[in-house]
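Descriptive structure summary
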Amino acid sequence: MINKASANPITGKKDKITKAELKERIEAKLVTRGIFDPKNASEEQLYQATVYAVKDIMLEYREDFKRRIKAVDGKKVCYLCMEFLVGRALKNDTMNLGIYDELCEVLSDFGSSFEKVYACEVDPGLGNGGLGRLAACFMDSLTAKDYAANGYSLLYENGLFKQRIVDGEQVELSDEWLTSGGAWLVPRSERTFTIRFGGKIKESWKDGKLCIENYEYDEVKAVPYDLLIPGTETNAVNTIRLWRARQSVSCVGNYTTQDSYFKKLSETGNAEVITKQLYPPDNYDEGKLLRLTQQYFLVSASLQSIFADYLAEHGSLRGFEDKISIHINDTHPALCIPELMRILMDVYSYSWEDAWAIVVKVVSYTNHTVLPEALECWRVDLFSMKLPRIYMIVTEINRRFTADLWNLYPGDWDRISRMAIVAYNQVRMANLSVVGSHTVNGVSALHSDILKKTIFHDFYKMTPWKFTNVTNGVVHRRWLNYSNPRLASLLDELIGSDFRENGLELSKLLEYKDDKAVLEKIADIKHKNKENFAYYAYSRTGKRIDTSSVFDVQIKRMHEYKRQLLNVLKIMSLYNEILENPNADIQPETFIFGCKAAPGYVMAKKLIKLIWFLAEELECNPKTRDVLKIVFMEEYNVSVAENLIPSADISEQISLAGKEASGTGCMKLMMNGAITLGTLDGANVEIAEACGKDNIYIFGLNTGEVDELWRNGYSSRAFYQSSERLRRVIDRFYSPIGGQDFSHIADYLINSGYGVADPFMCLADFDSYFNAHAIAMKDYKDREKWSRMSLINTATSGIFASDNSITNYANNIWHASPINKIKPV
């Protein structure tokens, strides 16, 4: 009989699961599949059996964790996000559970290996970029720190897309990950809820109460699937609840005419479209409506689940606002504010005033951008058609809020119109998020300051106590301990193992910054990691990489403000140098890019094409192929990052100052000893403060200088004319690159045919950037100095562990405590 996974009932500290117990569990799963000898199982069969065995362990721990939560009546954090970029789970989960070594031995006994079995797992298509990766890090840290928390998102059948580059063109293929990647999910069909869209609203008064009747609506079922997130030292297991849309069996009811009845019958397959695709194109009305539908589907299903769970645990809604914290990660889940109002008023008969008091006590909001195009707005006609009752509530929130504004700022129509939630035929989700939340935070010190000075300035002047900062973080367990085992083992040897749970312990490494033997080991580990990545990259791209070259890494989604183009300008300038002086002493470099362009983002796709053909030209030219190489990592995802980041020498963080909210890739790279080459933007400012100005390469304009340059009238052509090096690079675009015409790139940079020439000031920062890079190349040749800088970056990166971010959120925003720190009631 298999022993149940157990832990201390008070502290949650896990009891050790032995190799024999784990082996028995996996063998039992194989038997249920008709496989009595594990050595006859295929890698896929071993993978499935292992997943289900590990999942059983987590479910057993979760039941015990829920009992611990109930015993202390702990506060629950509900984290809503449109995406969770979790990455593959087998390694991370077994490491967290403390059974990774045992699993490796078991699989070896079965005639296989962990790596062979792990290769069967696909990256889940549940997220796209930094927003989703941050959310995944936070769920990991919440669980590791023993908080009660649930994430909420959608179970997308297809991820954003699988990227292929064909003759330099990005081709988007369907990412049908769920077919083979759903083994980790736990179906919870007994927790299904229904969501209503469209229809008509009838208002009536009865006994002094407003009664709302919704009819001729579309009804969709939200079916939950739980993704389990295990903790490390305790038996804490939280979940990310993922909602899948299914047609409601009662969807043909509630229709007043035969025509509307038959219309509904013809649409019974349309409900599943809601969760078919992550971020469907929104450059047309149908796409906009689908995104709006997705967002409401997420918040309505999640809130119904939160209320149902609370009622099951407490019997009534008394104390709800003290025991539940609802956090909206960016504006996508902002509809939870009016949906909370709807449920409290229409379902539980709260008055407006009482309902609103609960909303603003439980909801908090993280802003992730100052880019105008990313601040969601919905046209009133689309919003009111798809969500008529929610629109009524939003307009009433707006009416009451603007009335308060009039009392505060009588006659100041400009201010009131800027702060209004509904204005100029738009429903503004960022304004709604601020008005309906008790706390609003940015994600780096600089970003939070910019929010208060720019897009939320009016709100900050009105309610300054609402605004705070929580700098982003990354899970150092995954991105250092598990992804870079060589470095982690050296740290164990030097400073002990406490850093594995407490990233701040990394600072002890500073004691060894002048120890030549340690610095030599740091350099050796980096080189071995580069050899590993070179092999991995060759298997994916067919390109051979010189592991003695500098690995210069830029890994972020393709966007003009992230300035991959500035990086290309630098590479082209180095290319010009080699052509003009083939004997020049130039440090060999490998420039590694990982990025996707949004399907409708034309300029981003042109930049990918430029990178691709420049890589081809460098490869074909015998003067450059051994000195400069570009490697474009197609289909960049979490798994690629885990292989690449430990090998990086230089971390390119070169966005225009004031545009990047924070960034998290910069933190992962820093933890693994890469040296940042960056602007004073986002988290770079805090990285520079942490590691010191001698251990980072800062260049370019700061935010104040950028603003001043815009005010005075930015002319990219003036920079073009004043810099001979820059001029030679720009003029090079008027000749073919890799046999392709890229003259439009030069026009984009120095002519105004594209609107404002060089809108993200690549030319203004070019010379400073190139010079900073030259200094870095000089320093790289001093092996001891570079290794010291690398060590200092790792040693000072602990403040960017997401455990610290979560502690900040819990103490200052959510007012939640770890379950094992609360006394039983």
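Refer to the preceding data block for the structure.
A brief look at the structure comes next. This one's a predicted model, so the numbers in the text were calculated from it and none came from an experiment. (Residues numbered from 1 in each chain as written. Predicted model: local features only at pLDDT ≥ 70, side-chain atom pairs only at ≥ 80, totals over all residues. Heavy atoms only, no water.)

Further remarks concern the sheet that holds strand β21 (residues 650-653). Judged by pairing direction, the sheet is parallel, and its 6 strands sit side by side in the order β20-β19-β18-β21-β22-β23 without closing on themselves. Only two strands of the sheet have a single partner each, and these edge strands are β20 (628-632) and β23 (697-698). Pairing between strand β22 (residues 675-678) and β23: 2 bridges, direction parallel. Bridging from a neighbouring strand, L677 pairs with Y697 of β23. Seen against the sheet, helix α21 (residues 516-541) touches β18 (550-555), β19 (589-594) and β20 and runs at an angle of roughly 60 degrees to β18. (Pairing = 2+ DSSP bridges. Helix = DSSP H or I, 4+ residues; strand = E, 2+ residues; numbered from the N terminus. Contact = heavy atoms within 4.5 Å. Axes fitted to C-alpha atoms, helices over the stretch in contact; angles between N-to-C directions.)

Another aspect to go through is the side chain of T50. In this structure, T50 sits in helix α2 (residues 43-72). The exposure class of T50 is buried, given its relative accessible area of 0%. In contact with T50, other than residues within four places in its own chain, are I26, L90, L103 and L107. (Buried < 20%, exposed > 50% of the residue type's maximum accessible area, 1.4 Å probe, protein only.)

Ordered by their spatial adjacency, 3 strands build an open sheet running β13-β15-β14, and the pairing between neighbours is antiparallel. Looking at which strands have only one partner, the edges of the open sheet turn out to be β13 (377-379) and β14 (422-423). In the sheet, β14 pairs with strand β15 (residues 426-428) via 2 bridges, with the strands oriented antiparallel. Across the sheet, residue A423 finds its bridge partner in β15, namely Q426.

What follows deals with the nonpolar core. If you look at soluble globular proteins, the nonpolar side chains tend to sit buried side by side. Counting 146 residues, the largest nonpolar core has F297, I326 and W814 as its most contacted members. When residues in this core are grouped by element, the largest group, 10 residues, is from helix α9 (residues 285-314). Sequence-distant contacts of I326, defined by excluding residues within four places in its chain, comprise C78, L80, L303, I306, C336, L340, V362, V363 and S364. If you look at the next biggest cluster of nonpolar residues, it comprises 70 residues, including V706, A746, M777 and Y780. (Core = buried A, V, L, I, M, F, W, Y, C linked by side-chain atoms within 4.5 Å.)

Nonpolar side chains collect at one region of the surface, where V166, V171 and L173 lie side by side and expose about 210 Å² of accessible area between them. On the secondary structure map, V171 appears in strand β4 (residues 169-173). (Patch = residues over 30% accessible without salt bridge, like charges linked within 9 Å, V, L, I, M, F, W, Y side chains within 5 Å. Areas by Shrake-Rupley, 256 points an atom, 1.4 Å probe, with all protein chains shown as cover. Salt bridge = Lys/Arg side-chain N within 4 Å of Asp/Glu carboxyl O.)

On to the side chain of S790. Mapping S790 onto the fold places it in helix α32 (residues 783-795). Among the polar contacts made by the side chain of S790, one reaches the main-chain carbonyl oxygen of G673 at a distance of 2.8 Å. Sequence-distant contacts of S790, defined by excluding residues within four places in its chain, comprise I522, G673 and I675. (Polar contact = N/O pair within 3.5 Å; in protein donor to acceptor, adjacent residues only side chain to side chain.)

With that out of the way, let us pick up the environment of K452. Tracing the chain through its elements places K452 in helix α17 (residues 445-453). Here the alpha-carbon distance between K452 and S305, two residues 147 residues apart in the chain, equals 34 Å. Apart from the residues lying within four places of it in its own chain, the contact partners of K452 are H457, Y460 and F467.

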